[in-house]
Amino acid sequence: MTEQVEQVRRFNRTVAERVGVLHDRYLGGSRPYGQARLLWQIGDEGTDDVRSLRARLGLDSGYVSRLLRALERDGLVALEPHPGDRRVRTVRLTEAGREERALLDDRSDALAASLLDPLDAGQRDRLTSAMAEVERLLTASVVSLEVLDPGHPDAARCLRSYAVELQELFDGGFDPANSLLPDPGELRMPRGLFLVARLHGEPVGCAGLKLPAGAPAEIKRLWVSPRVRGLGLARRLLADLEERAARHGSDLVRLDTNRALEAATRLYRAGGYTEVPAFNDEPYAHHWFEKRLTGGAR
């Protein structure tokens, strides 16, 4: 781990030096990197919610306010109350802001080309492939998991997306009311829990855990947004729920799945789950799995 930490630090130093964030005037412009990055992030179509903008960048509220005041003072952005909720502020680029953002795009393209120009074709492919992998892994590392009430807006949003996707995938569609878990309230403590994954503040995945007294724990409603698939999030949700089940004293966890969910079936098999005879009457299930946990009650 120590060597890996040092490698990460060397990588960060190299990138910071090479992309020019050490300079007061980023890309030869008139402002530091923080202002330039925020200017680029603000969409030029319509308006952007300041809270959402702050969440996407992972920045402190006070720092974002200072950056926005500097950009507003220079006439590059306009801050306004949201028409539907005056407690929410929105920000949009002015004409001068769009012009400066276009200039930043041109200079960013030139910087990227300067990184690639000294390399031969093979080295360019290696560098860009490595960058894509680093971007993917860094994105995975900033996804957070939180236990929420199933009635929380983010939890409800995930459950709706889950149902819509299964409706399209399953033969004959999917109606949550016909499943063995018609009420997500069963995933509320002490009978269970509901886990939501967020990326830059936006819900991108979920999974529930039933904790029936005197019976194996059961995983339900595991879903990952298509836009973040391939980051290992489903595997992470599964492992997190297994750990929580063990902490609650379970030594066995079960789940069922539909034959249309082939990727999920592969995930369960790779995660150490064994297919077993049906242990419930779930009408949408074709496969039933269980896994023995370590650290749970015996």
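Further up the page is the structure itself.
What counts, and at which threshold
- Residues numbered from 1 in each chain as written.
- Predicted model: local features only at pLDDT ≥ 70, side-chain atom pairs only at ≥ 80, totals over all residues.
- Heavy atoms only, no water.
- Helix = DSSP H or I, 4+ residues; strand = E, 2+ residues; numbered from the N terminus.
- Buried < 20%, exposed > 50% of the residue type's maximum accessible area, 1.4 Å probe, protein only.
- Contact = heavy atoms within 4.5 Å.
- Lys, Arg positive; Asp, Glu negative; His and termini not counted.
- Charge placed at Lys NZ, Arg CZ, Asp CG, Glu CD.
- Phe/Tyr/Trp six-rings, centres within 6.5 Å; stacked < 30°, edge-to-face > 60°.
- Lys NZ or Arg CZ within 6 Å of the ring centre and 35° of its normal.
- Disulfide = S-S within 2.5 Å.
- Pairing = 2+ DSSP bridges.
- Axes fitted to C-alpha atoms, helices over the stretch in contact; angles between N-to-C directions.
- Parallel < 35°, antiparallel > 145°, perpendicular 65-115°, else oblique.
- Nonpolar A, V, L, I, M, F, W, Y, C, P; charged D, E, K, R; others polar.

Undergrad: Kindly report on the overall build of the protein chain, identifying the contributing residues and their values.
TA: What the protein chain contains, in helices and strands, is nine helices and ten strands. Residues classed as buried in the protein chain amount to 39% of the 298 residues present. By sequence separation, contacts in the protein chain at least 24 residues apart represent 59% of the contacts at least 6 residues apart. Looking at charge distribution, the protein chain has the averaged site of its 44 positive side-chain charges lying 4 Å from that of its 45 negative ones.

Undergrad: Any chance you could break down unusual backbone geometry for me, citing the residues and the numbers?
TA: Of note, the bond from Met189 into Pro190 is cis; its omega dihedral lies within 30 degrees of zero at 10°. Secondary-structure assignment places Pro190 in the loop between helix H7 (153-169) and strand S5 (192-199). Of note, the phi angle at Leu27 is positive, near 55°, even though the residue is not glycine. Along the chain, Leu27 falls in the loop between helix H1 (2-18) and helix H2 (33-41). Positive phi is not limited to glycine here, since Arg221 has a value of about 60°. Looking at where Arg221 falls in the secondary structure, it is placed in strand S7 (residues 217-224). On the accessibility criterion, Arg221 (9% relative accessible area) is buried.

Undergrad: Go over the packing of aromatic side chains, please, and point to the residues and values.
TA: Scanning the entire structure with this criterion turns up seven aromatic pairs. Judged by centre distance (5.9 Å) and plane angle (55°), the rings of Tyr268 and Phe289 are tilted. A residue pair is termed long-range when its members are at least 10 positions apart, and Tyr268 in helix H9 (residues 262-270) and Phe289 in strand S10 (residues 287-292) qualify at 21 residues. Looking at Arg254, its charged tip hangs above the ring of Phe279, at a distance of 4.8 Å from the centre.

Undergrad: Requested: an account of the state of the cysteines, with residues and values cited.
TA: In a disulfide, the sulfur atoms of two cysteines are held together by a covalent bond. Under the criterion given, the structure shown has zero disulfides. With no disulfide of its own, Cys158 lies closest to Cys206 among cysteine sulfurs, the gap being 4.6 Å. Overall, Cys158 belongs to the buried group, its relative accessible area being 1%. Residue Cys206 is classed as buried on the basis of its relative accessible area of 0%.

Undergrad: Describe the pairing of S10, and please don't skip the residues or the numbers.
TA: Bridge analysis of strand S8 (residues 252-257) against S10 gives six bridges, and the strand direction is antiparallel. Within S10, the position partnered with Arg254 by the bridge is Glu290. Of the strand pairs in this sheet, strand S9 (residues 274-276) and S10 are connected by three bridges, and their pairing is antiparallel. Opposite Val276, over in S10, you have Trp288 as the bridge partner.

Undergrad: I'd like a description of the sheet that holds strand S3 (residues 85-93), backed by residues and values.
TA: As summarised here, the arrangement of the three strands in space is S1-S3-S2, forming an open sheet in which the pairing is antiparallel. At either margin of the open sheet sits one strand with a lone partner, and together these are strand S1 (48-49) and strand S2 (77-82). Relative to S3, S1 runs antiparallel, the two being bridged by two bridges. The partner of Asp49 across the bridge, within S3, is Thr90.

Undergrad: Residues and numbers for the packing of H2 against helix H5 (residues 95-116), please.
TA: Contact geometry for H2 and H5: axes closest at 10 Å, N-to-C directions at 110°. In terms of axis orientation, H2 runs roughly perpendicular to H5. Across the interface between the two elements, Ala36, Leu39 and Trp40 of H2 pack against Gly97, Glu100, Arg101, Leu104 and Asp105 of H5. Across the contact of H2 with H5, the residue classes tally to four nonpolar, one polar and three charged.

Undergrad: Outline the sheet that holds S5, supporting the account with residue identities and numerical values.
TA: Sheet architecture is open: seven strands sit in the order S4-S5-S6-S7-S8-S10-S9, paired in mixed fashion. Both edges of this open sheet fall to strand S4 (144-148) and S9, since each of them pairs with a single strand only. Across the sheet, the axes of successive neighbouring strands diverge by a mean angle of 30°, strand direction being ignored. The sheet contacts of helix H8 (residues 233-247) involve S4, S5, strand S6 (202-210), S7, S8 and S10, and relative to S7 the element is tilted by about 160°.

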